[in-house]
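# Observations on chain architecture
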Amino acid sequence: MSSKAWGGRFTKPPDKMVEGFTSSLSFDRRLYRQDIQGSVAHARMLGRQGIITEAEAQTLVEGLEKVLAEIEAGTFPFRIEHEDIHLNIEKRLTELVGPTGGKLHTARSRNDQVSTDMHLYFKEQIDEVVVLVRGLQGAILAQAEEHLGSDAGGSFGPTIMPGYTHLQRAQPILLSHHLMAYFFMFERDAGRLLDCRKRTDLSPLGAGALAGTTFPIDRAFTAGELGFSAPYPNSIDAVSDRDYLIEFLSAASLIMMHLSRLCEELVMWSGTEFAFVEMDDAFATGSSIMPQKKNPDVAELVRGKTGRVYGSLIGLLTVLKGLPLAYHTDLQEDKERTFDALDTLKRCLEVTAGMVATMRFRRERLTQAVRQDFSNATDLADYLAKKGLPFREAHEVAGKVVLHCINTGRYLADLPLPELREFSPLIGDDIFEAISPERCVADRRSLGGTSPERVAEQIALAKKLLGA
Ligand code: ARG
């Protein structure tokens, strides 16, 4: 027999360059466990269906277990001339159990085999990614809870900061409120992953090369053995579908986008101009020339790695674009980029969770910032509107007060009452309380708003979601 699995039709071996070019072993060897799992299910099915004898099936299963043990012990002889992980395992199996090993590939093709491996692998990996997303959500939640203040210890109230629009100070908000926005972004991400998992949970095994097989196989049995919810209904679709990987990469891209937004804020906030947050020493690095530097490299690198994951998504969409049915070797290009995106995503989630858990917000800076800005101008307008002035007029009056303050180098709370009353006789001495940051925040009690009760509700919901 020829040394190539497909050698019969050939009169000479492939050029060395071609062998290296077509081989996927360097990256698909990570699928070894799923490949063996799929082969064991397939061998059992062949035995049950009488396609091979039960004794032969048993020989194959035991041989596959030996191969698994060899790979895990690091003694398995990986050989590039056998192209990919599937053929490497099959060749070794035959060395270990003899010619019976050659029966494993009955009623199967590498096309349904590789697809089965990838479905099994990504089902597991999606679960792992969800756990990492949950971990990051937990870290965000812990910071949000801490900065809601403790009524138990009574040591301090909620941390107030300026909220931004257009990167201009807009309205006072609770730091916890801001952090919880990220919690809910990552909650949608977990939902998207779980949704994509549903479509990953189908078994391609038994689709054969594309058309099914002449052998009396039982696809429901192998699907059940492998823990899939069902077999793909169409064998051609089963071997050509890479949608689940594109969905995974889309979900991964959204997560990276969210991480990148969070990291961008943390980079800004740890700069001297903001100085709202300080990274733990273990999650920052220094400069080789400037001794004073403490750089938020972790956040910068996560922000930077976002492009890799987007690239994988666009790359795979492009591989699939215009690809006719059914299997083409183009599809082998699904792996490297998807694995790279997966590995990148997992590391970014882990390291961001660690950074978020250990970073320290500078409460005094945040509180001071909100006292030295005009983020309470809306509250002056609201105050006048509540006293009966139409909101548009109230807005105009408050705008004039702000301009007056800017011209005289003061903030709203610095103006004495008589000076304020020159802008509107509706202003009374209750104005100072009304525009204090604490009141600005406490009064925004609308659903989802920034008042401590509303943020506490968001935190309670988040705990329920994480508990579930
Ligand atoms: N290494 C291949 C891949 O990753 C396995 C399937 C090969 N099938 C084939 N007909 N060449 O897609």
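In the block above lies the structure referred to throughout.
Residues numbered from 1 in each chain as written. Predicted model: local features only at pLDDT ≥ 70, side-chain atom pairs only at ≥ 80, totals over all residues. Heavy atoms only, no water.

### Some words on the side chain of Thr159
With respect to the helices, strands and loops of the structure, Thr159 is situated in the loop between α6 (110-146) and β1 (160-165). If we ignore the near neighbours within four places in the chain, the residues touching Thr159 are His147, Ile173, Leu174, Leu175, Arg363 and Leu366. (Helix = DSSP H or I, 4+ residues; strand = E, 2+ residues; numbered from the N terminus. Contact = heavy atoms within 4.5 Å.)

### Considerations on the environment of Gln292
Along the chain, the position of Gln292 falls in the loop between β5 (277-278) and α11 (297-320). Taking relative accessible area as the criterion, Gln292 reaches 60% and is therefore assigned exposed. Note: C-alpha distance between Gln292 and Asp430 (138 residues apart in sequence) is 47 Å. (Buried < 20%, exposed > 50% of the residue type's maximum accessible area, 1.4 Å probe, protein only.)

### Some points on the site of the ligand
Inspection of the region around the ligand gives Ser24, Asp28, Asp84, His86, Arg110, Asn111, Val114, Tyr327, Gln332 and Lys335 as its neighbouring residues. Between the ligand and the protein, one listed contact pairs a nitrogen atom with a side-chain N or O atom of Asp84 at 3.2 Å. Here a nitrogen atom of the ligand sits 2.9 Å away from a polar atom, N or O, in the side chain of Asn111. In isolation the ligand has 340 Å² of accessible area, and contact with the protein removes 86% of it. Considering each element in turn, the shell around the ligand owes the most residues, three residues, to α6. (Near = heavy atom within 4 Å. Polar contact = N/O pair within 3.5 Å; in protein donor to acceptor, adjacent residues only side chain to side chain. Areas by Shrake-Rupley, 256 points an atom, 1.4 Å probe, with all protein chains shown as cover.)

### Re helix α15 (residues 391-408)
Spanning 18 residues, α15 covers 26 Å between terminal C-alpha atoms, matching the ideal 26 Å at 1.5 Å per step. Turning to α15, its buried residues are Ala394, Val397, Ala398, Val401, Val402 and Cys405. Projected onto a plane normal to the axis of α15, the buried residues spread over an arc of 140 degrees and lie on a single side. Among the exposed residues of α15, those pointing more than 90 degrees away from its buried face are Arg392, Ile406 and Asn407. Looking at the buried side of α15, the elements it contacts are α14 (377-386) and α16 (417-421). Where α15 terminates, the next one or two residues include Gly409, which has phi positive at roughly 65 degrees. (Expected span 1.5 Å × (residues − 1). Arc of directions from axis to C-beta.)

### Let's talk about α11
Between its first and last C-alpha, α11 extends 35 Å over 24 residues, near the 34 Å set by a 1.5 Å rise per residue. Looking at α11, one finds that the buried residues are Val298, Ala299, Val302, Thr306, Val309, Ser312, Leu313, Gly315, Leu316, Val319 and Leu320. Those residues of α11 that are buried lie in contact with α9 (235-240), α10 (243-270) and α12 (335-358). Once α11 ends, the next one or two residues include Gly322, with phi positive near 75 degrees.

### Here's the deal with the pairing of β1
Relative to strand β2 (residues 168-174), β1 is paired through six bridges, and the arrangement is antiparallel. When the sheet's bridge partners are listed, Ile160 is paired in β2 with Leu174. Taking the residues between adjacent antiparallel strands as the criterion, β1 and β2 are bridged by two residues, where His166 takes a positive phi near 55 degrees. (Pairing = 2+ DSSP bridges.)

### Describing the packing of aromatic side chains
By convention here, two paired aromatic rings are described through the distance between centres and the angle between planes. In the structure shown here, the tally under the stated rule is twelve aromatic pairs. Measuring from centroid to centroid gives 5.2 Å for Phe274 and Phe276, while their planes differ by 80 degrees, and the two rings are edge-to-face. Here the aromatic cluster, defined as three or more aromatic residues joined through ring pairs, consists of Tyr164, Trp269, Phe274, Phe276 and Phe361. In this structure, Arg9 packs its charged tip against the face of Phe10, placed 5.9 Å from the ring centre. (Phe/Tyr/Trp six-rings, centres within 6.5 Å; stacked < 30°, edge-to-face > 60°. Lys NZ or Arg CZ within 6 Å of the ring centre and 35° of its normal.)

### As for the pattern of salt bridges
Where charged atoms of side chains with opposite charge meet at close range, the side chains can pair. Under the criterion given, the structure shown has 40 salt bridges. For the salt bridge of Glu95 with Arg79, the shortest nitrogen-to-oxygen distance reads 2.9 Å. Taken together, the residues span a long stretch of sequence, with Glu95 in helix α5 (residues 85-97) and Arg79 in the loop between α4 (54-73) and α5 at a distance of 16 residues. Residue classification places Glu95 among the partly exposed residues on the basis of a relative accessible area of 44%. One salt bridge connects Asp281 with Lys294, and the closest N-O pair in it is separated by 2.6 Å. With Asp281 in the loop between β5 and α11 and Lys294 in the loop between β5 and α11, this residue pair connects regions lying 13 residues apart in the sequence. (Salt bridge = Lys/Arg side-chain N within 4 Å of Asp/Glu carboxyl O.)

### Concerning unusual backbone geometry
For the peptide bond that leads from Leu325 to Ala326, omega is 0 degrees, which places it in the cis range. Examined against the element boundaries, Ala326 turns out to sit in the loop between α11 and α12. Of note in the backbone geometry, His166 takes a positive phi value of approximately 55 degrees without being a glycine. Counting through the fold element by element, His166 comes out in the loop between β1 and β2. The exposed category is assigned to His166, whose relative accessible area is 74%. A positive phi is found at Leu167, a non-glycine position, where the angle reads about 60 degrees. Mapped onto the secondary structure, Leu167 falls in the loop between β1 and β2.

### With respect to the side chain of Arg79
Among the polar contacts listed, one links the side chain of Arg79 to the side chain of Glu95, at a separation of 2.9 Å. For Arg79, the contacting residues outside a window of four places in its chain are Leu25, Asn88, Lys91, Arg92 and Glu95.

### Points about the environment of Ala55
In this fold, Ala55 is placed in helix α4. Residue classification places Ala55 among the exposed positions, given a relative accessible area of 54%.

### Some thoughts on the environment of Val397
With respect to the secondary-structure elements, Val397 resides in helix α15. Residues Val397 and Ser424, spaced 27 residues apart in sequence, show a C-alpha to C-alpha distance of 7.4 Å.

Read these as spatial facts, not as claims about activity.
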